[in-house]
Amino acid sequence: MKKYILKRLIIAVPVLFMVSIFSFIIINLAPGNPVDLYVAPDATAEQIEATKAALGLDQPLPVQYIKWITNLLQGNLGFSYSTRQPVTAILFSRVSPTLQLMGISLVVGYLVAIPLGIYSAVKKNTWVDYLITSNSFLGVSVPNFFLGLGLIYIFSLQLAWLPTGGMQVLGGDGGVLERIQHLILPVIVLATSISGNMIRYVRSSMIDVLGENYLRTATAKGLKARDILTKHGLRNALIPIITIIGMDIPKLIGGAVVTEQIFQWPGLGQLMITSINSRDYPVLMAITLLSAVAVMVANISTDILYAVVDPRIKYD
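Residues numbered from 1 in each chain as written. Predicted model: local features only at pLDDT ≥ 70, side-chain atom pairs only at ≥ 80, totals over all residues. Heavy atoms only, no water.

### Details of the overall build of the chain
When helices and strands are tallied, the chain shows 12 helices and 0 strands. Along the chain direction, N to C, the helices and strands of the chain fall in the order α-α-α-α-α-α-α-α-α-α-α-α. Once the C-alpha set of the chain is aligned to its principal axes, its extents read approximately 85 × 55 × 35 Å. Taken over 316 residues, the chain has a buried fraction of 38%. (Helix = DSSP H or I, 4+ residues; strand = E, 2+ residues; numbered from the N terminus. Buried < 20%, exposed > 50% of the residue type's maximum accessible area, 1.4 Å probe, protein only.)

In structure tokens form, the structure reads like this:
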């Protein structure tokens, strides 16, 4: 296993290198010039050239990339065009809110999806199964922005039960209760899309497992239904489910961008939208690379979980 993890980490290096090249090219070739945003409308040609030189945009694209990757290897992500603050400091201030939102959404989504998926499989082709399955399709089909806006309209504007966005009330103490109130709506949005997809896979996987002979044998021996499902059924159904967990991470990152923007949650997703609008290339590159690293870590963690759940799987 150690050799496999080391091999995956070594392979990840050239992959991240390629991601950085493609991201750098795409970001720099996108419509819009950052210089136009940071000079006065009546700026002279000399002022425009001076701003371009100050941002490092007066060099050819390959030279800009070599400078960027050289600084990155030295632990320097550069400075934000818009705030002139170090990109590393900006990222650190936004990582924690995003991890809170994504982590809680994942936990809530799976806590809802796994029991419902199992119950739906056990009650296959009954009205309960149809109800759970149709709701899971609805959860997958409803776009995050539509669900988010709907929740804000109902629970914030009409009922005034929950805040419309942010992490705390302006001037508030930022305590745990206040943070939970601000988390409820964005967590519901992300957890709904996660659980909707997961319910279908758990149901399908459990139906396959429930038809296996060893479960019939366990039933014939008189074991309790709960033990049969949790100790024998769920464990064997977990392997395909783990694949979906690994695939959920990239989707969750994409969903967090939209959700954070709707609820003004000050995380990396909102920072990415702000950076796109302000053509803040160094911040955009840092977020893109960080997202790529997160996806790779999720994939490697998924492979490790395979071996934990099923000891027959050997990677060496």
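### As for the UniProt feature "transmembrane region" (unreviewed entry) in the chain
Listed under "transmembrane region" (unreviewed entry) in the UniProt record, and renumbered for this structure, are residues 9–30, 101–122, 142–163, 183–202 and 281–309. Across residues 183–202 one finds 100% helix and 0% strand; the C-alpha atoms that close the span lie 26 Å apart. (UniProt positions renumbered as here; feature names shortened; annotations may be inferred.)

### Quick notes on the packing of helix α7 (residues 144–158) against helix α8 (residues 176–210)
Two elements in contact, α7 and α8, have axes whose closest approach is 10 Å; the angle formed by their N-to-C orientations is 145°. Where α7 crosses over α8, the two elements pack in a sense that is right-handed. Within the contact between the two elements, α7 uses Asn144, Leu147, Gly148, Leu151, Ile152, Phe155 and Ser156 and α8 uses Leu185, Ile188, Val189, Leu190, Thr192 and Ser193. (Axes fitted to C-alpha atoms, helices over the stretch in contact; angles between N-to-C directions. Left-handed = near helix turned anticlockwise from the far one by under 90°. Contact = heavy atoms within 4.5 Å.)

### Here's the deal with the pattern of salt bridges
Evaluated as defined, the whole model comprises 2 salt bridges. Of the charged contacts, one joins Glu49 and Lys52 as a salt bridge, the two residues approaching to 3.9 Å between their closest N and O atoms. Placement of the pair is Glu49 and Lys52 together in helix α3 (residues 45–55), with a separation of 3 residues, close to one helical turn. Glu49 sits in the partly exposed class, given a relative accessible area of 45%. You can call Lys52 partly exposed: its relative accessible area is 24%. Between Asp129 and Arg203 there is a salt bridge whose closest N-O contact spans 2.7 Å. Highlighted residues: Asp129 in helix α6 (residues 127–141) and Arg203 in helix α8, separated in sequence by 74 residues. For the pair Asp129 and Arg203, a shared accessibility class is recorded, and that class is buried. (Salt bridge = Lys/Arg side-chain N within 4 Å of Asp/Glu carboxyl O.)

### As for helix α4 (residues 61–73)
With 13 residues, α4 extends 18 Å from end C-alpha to end C-alpha; this agrees with the ideal 18 Å at 1.5 Å per step. In the stretch just after α4, Gly75 is the one whose phi turns positive, near 80°. (Expected span 1.5 Å × (residues − 1).)

### A word on the packing of aromatic side chains
Tallied over the entire structure, the rule returns 6 aromatic pairs. Relative to Trp161, the ring of Phe155 has its centre 6.1 Å away and its plane inclined at 45°; by these criteria the two rings are tilted. Here Phe155 falls in the partly exposed class, since its relative accessible area comes to 24%. Among the residues examined, Trp161 registers a relative accessible area of 59% and is labelled exposed. One aromatic cluster in this structure is built from Phe17, Phe24, Tyr65 and Trp68. (Phe/Tyr/Trp six-rings, centres within 6.5 Å; stacked < 30°, edge-to-face > 60°.)

### Comments concerning a nonpolar patch on the surface
Residues Tyr153, Ile154, Leu157, Leu159 and Trp161 make up a contiguous nonpolar surface patch of roughly 560 Å² in combined accessible area. Among the structural elements, Leu159 can be located in the loop between α7 and α8. (Patch = residues over 30% accessible without salt bridge, like charges linked within 9 Å, V, L, I, M, F, W, Y side chains within 5 Å. Areas by Shrake-Rupley, 256 points an atom, 1.4 Å probe, with all protein chains shown as cover.)

### Concerning the side chain of Asn144
Take Asn144: it is sitting in helix α7. In this structure Asn144 comes out as buried when scored by relative accessible area, which is 15%. For Asn144, the contacting residues outside a window of four places in its chain are Val189, Leu190, Ser193, Gly255, Val258, Thr259 and Ile262.

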